[in-house]
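Secondary and tertiary structure notes
Chain residues, written in single-letter form:
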Amino acid sequence: MIEKLDAAARAGLAETLPGWQVAEGRDAIRREFRFADFSAAWGFMNRVALLAEAQDHHPEWSNVWNRVEILLTTHDAGGLSARDVKLARAIDALLG
């Protein structure tokens, strides 16, 4: 069973995941990414899709032209878990 993050882990999110924010009204984290154009945004989404599939943990996301918004939550845990933090770190690593 996957457990939700405890209060101590949540308190450290801003430091461990700069750029990610707690999603308003959701037990989730979100981040918006901007790219030069649609092609660059779509390429990023393809790379994220491969990461997500490898981790068997799939984001909620949207794309409008050069912007990609990603929201991570663990439905099996009923909210934010270590799986979300792991995927967020992997996504950040794609950008260097």
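Residues numbered from 1 in each chain as written. Predicted model: local features only at pLDDT ≥ 70, side-chain atom pairs only at ≥ 80, totals over all residues. Heavy atoms only, no water.

Our working rule: UniProt positions are given in the numbering used here, feature names are shortened, and annotations may be inferred rather than shown by experiment.
Going by the annotation in an unreviewed UniProt entry, the name recorded for the protein is Putative pterin-4-alpha-carbinolamine dehydratase, with Belnapia mucosa given as the source organism. Looking at the protein in UniProt, the text filed under Sequence similarities (unreviewed entry) is "Belongs to the pterin-4-alpha-carbinolamine dehydratase family." What the UniProt record of the protein gives under Catalytic activity (unreviewed entry) is the line "(4aS,6R)-4a-hydroxy-L-erythro-5,6,7,8-tetrahydrobiopterin = (6R)-L-erythro-6,7-dihydrobiopterin + H2O".

1. Looking at the pattern of salt bridges
The line we're drawing: Think of a salt bridge as a Lys or Arg side-chain nitrogen and an Asp or Glu carboxyl oxygen that are within 4 Å of each other. Only DSSP runs of H or I reaching four residues or more are called helices, and only runs of E reaching two or more are called strands; each is numbered from the N terminus.
Under the criterion given, the structure shown has 8 salt bridges. Residue R10 pairs with D27 through a salt bridge whose shortest N-O separation is 2.8 Å. Taken together, the residues R10 in helix α1 (residues 7-11) and D27 in the loop between β1 (21-22) and β2 (29-34) connect sequence positions 17 residues apart. One salt bridge connects R30 with E69, and the closest N-O pair in it is separated by 3.1 Å.

2. Quick look at the nonpolar core
Note the threshold: Nine residue types can take part in a nonpolar core, namely buried Ala, Val, Leu, Ile, Met, Phe, Trp, Tyr and Cys, and a core is a set of them joined through side-chain atoms within 4.5 Å. Burial status follows relative accessibility: with a 1.4 Å probe on protein chains alone, a residue under 20% of its type maximum counts as buried, one over 50% as exposed, and anything between as partly exposed. By definition in these notes, contact holds between two residues if any of their heavy atoms fall within 4.5 Å.
Counting 20 residues, the largest nonpolar core has W20, I29, F44, I70, L72 and I91 as the members making the most contacts within it. Mapped by element, the contributors of at least two residues to this core are β2, α3 (38-55), β4 (67-72) and α4 (82-94). Top element by residues in this core is α3. It accounts for 5 residues. With near-sequence residues (within four places) excluded, L72 lies in contact with W20, A28, I29, P59, L80, D84, L87, A88 and I91.

3. With respect to the packing of α3 against α4
Rule in force here: Only C-alpha atoms enter the line fits that serve as axes; for helices the fit covers just the stretch in contact. Angles between N-to-C directions range over 0 to 180 degrees. By convention, the crossing between two helices is left-handed when the near helix turns anticlockwise from the far helix through less than a right angle, and right-handed when the turn is clockwise. The classification used treats Ala, Val, Leu, Ile, Met, Phe, Trp, Tyr, Cys and Pro as nonpolar, Asp, Glu, Lys and Arg as charged, and all other residues, Gly among them, as polar.
Orientation of α3 relative to α4, taken along the N-to-C sense of each, is 145°, at an axis distance of 10 Å. The element α3 and its partner α4 pack so that their crossing is right-handed. Seen from α3, the contacting residues are F44, R47, V48, L51, A52 and Q55; seen from α4, they are R83, K86, L87, A90, I91 and L94. Here the residues of the contact of α3 with α4 are counted per class, giving 8 nonpolar, 1 polar and 3 charged.

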